[in-house]
Amino acid sequence: MRQIKMYDTGVYPLVAVLVAYLTGAKRLVTAGKDKTVRVWDVERHECTHVFERHRGRVRALLVLDDTLYTASYDRTVLRWDLLRSRCAGEALRTTTAIHCGLFLHYAGGPVLVTGHRDGAILIHPFLTEEKRVNSDSCVELRHHTGTIRCMWPHLDFLITGSEDKSAMQWDLQTNEVARTYRRHVDAVVSVRTTADNLLFTASQDALIIMWNMTDGTFLTELHHHYHFVWTTELVMMRALQPPAPELDIPEDGVDPESTENTYDDDDDWTYGERDSDYAAYLITGSFDKTLALWRLTAASPEDAG
């Protein structure tokens, strides 16, 4: 994997990144520990807006109906008018710091889900026309014993990860925990799911674990990073072909002891040329300053750098 674009995001580390269509154009939105939100023009690679209203670091970037929302440690979710380059008001104010959030459809309408420092998950009905939360009818989900670090929707379920070292699968029909996933030895900070019911959990223990959501069984551990695994993302792309010699990938998945599947940036990777040469990949990013690209059909890293 090669670096193809670079953005100067300031002196503070990024804690949230979002790519979305806003005001009719594709935008990159970043948030950092400096409490700011920056909007970037993807085509010109320039920062077009810097928003400075939050009093705490911004932990989540959300989009609903072409509007940008930002959630922060300062216990607020703010709404931003990109056309006028200003804050359009508070969408939500809570009693505890917000660590993560997302929009989804629940009980027939849009809701804002927020994860909090005290382990609570709050589901807030969203008033679309007023572009704010109806705080009078909030649903609380509580079973985690640590800060909620991440969440991800999957069909009628919500997957959450916590500093209590577990991930939980919530049934949104009953608001109960359907399954708990425990194997990590540190906080679960990122979760992603696939259409064929695979769950990936990433942790500060430097591991990515793959689970079968159908029965909750552990499938394998993905070993590559040596520091916190902070982000995960699933993508479909043309299959990457490794340089000679080709990868020796075990047929039954990952060989945790193998280091032969790691390549440097200078290696000559190529993309498949046929329309059928597409594959599903998991991208993982770590505090060890590397990205790893895992092909899900074989679950082995095809590139790191």
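The paragraphs below set out a description of the structure included in this document. (Residues numbered from 1 in each chain as written. Predicted model: local features only at pLDDT ≥ 70, side-chain atom pairs only at ≥ 80, totals over all residues. Heavy atoms only, no water.)

Let us now look at the overall build of the protein. Each helix and strand counted, the protein has 0 helices and 27 strands in total. Among the 305 residues that make up the protein, the fraction classed as buried is 51%. Carbon together with sulfur atoms contributes 46% to the accessible area of the protein, which is approximately 15,600 Å² in total. (Helix = DSSP H or I, 4+ residues; strand = E, 2+ residues; numbered from the N terminus. Buried < 20%, exposed > 50% of the residue type's maximum accessible area, 1.4 Å probe, protein only. Areas by Shrake-Rupley, 256 points an atom, 1.4 Å probe, with all protein chains shown as cover.)

Glancing now at the sheet that holds strand 17 (residues 176-182). Strand order in the open sheet formed by 4 strands is 14-15-16-17, with antiparallel pairing between adjacent strands. Of all strands in the sheet, those bounded by a partner on one side alone are strand 14 (148-154) and strand 17. Strand-to-strand twist across the sheet, computed as the mean angle between neighbouring axes with direction ignored, equals 20°. Here strand 14 pairs with strand 15 (residues 157-162) via 6 bridges, running antiparallel. The residue bridging H154 from the neighbouring strand is F157, located in strand 15. (Pairing = 2+ DSSP bridges. Axes fitted to C-alpha atoms, helices over the stretch in contact; angles between N-to-C directions.)

Moving on to the pairing of strand 2 (residues 25-32). In terms of burial, strand 2 is a largely internal element, 6 of the 8 residues being buried. Of the strand pairs in this sheet, strand 2 and strand 3 (residues 37-41) are connected by 5 bridges, and their pairing is antiparallel. Directly across from R27, in strand 3, lies its bridge partner D41. If you look at the hairpin formed by strand 2 and strand 3, you'll find 4 residues sitting between the two strands, and K35 has a positive phi there, around 75°.

If you walk through the whole model with that rule in mind, you get 8 salt bridges. One salt bridge in this structure joins R93 and E90, with 2.6 Å as the shortest N-O distance. Of the residues examined, E90 reaches a relative accessible area of 37% and is grouped as partly exposed. One salt-bridge network, in which partners are shared between bridges, spans D118, E140 and R142. (Salt bridge = Lys/Arg side-chain N within 4 Å of Asp/Glu carboxyl O.)

This next bit is on the environment of H154. Note on placement: H154 falls in strand 14. Separated by 16 residues in sequence, H154 and W170 place their C-alpha atoms 9.7 Å apart. If we skip the residues at most four places from it in the chain, H154 touches I159, T193, T194, N197 and M213. (Contact = heavy atoms within 4.5 Å.)

Glancing now at the sheet that holds strand 18 (residues 188-193). By way of backbone hydrogen bonds, the strands of a sheet pair with one another, either parallel or antiparallel. What the 4 strands build is an open sheet, ordered 18-19-20-21; its pairing is antiparallel. The strands lining the two open edges of the sheet, one partner per strand, are strand 18 and strand 21 (217-222). Taken pair by pair, the neighbouring strands of this sheet meet at an average axis angle of 25°, ignoring direction. Relative to strand 21, strand 20 (residues 208-212) is paired through 5 bridges, and the arrangement is antiparallel. Across the sheet, I209 pairs through a bridge with E221, a residue of strand 21.

Structurally, the position occupied by S190 is in strand 18. A distance of 2.6 Å separates a polar atom in the side chain of S190 from a polar atom in the side chain of T232. Each residue touching S190, except ones within four places of it in the same chain, is listed here: C150, F200, T201, A202, W230, T231 and T232. (Polar contact = N/O pair within 3.5 Å; in protein donor to acceptor, adjacent residues only side chain to side chain.)

Relative to the assigned elements, T76 resides in strand 7 (residues 76-81). Its relative accessible area of 4% is what places T76 among the buried residues. Of note is the side chain of T76, whose polar atom sits 2.7 Å from the side chain of D74. Setting aside residues up to four positions removed in sequence, T76 forms contacts with H54, T70, A71, E90, L92, R93 and I98.

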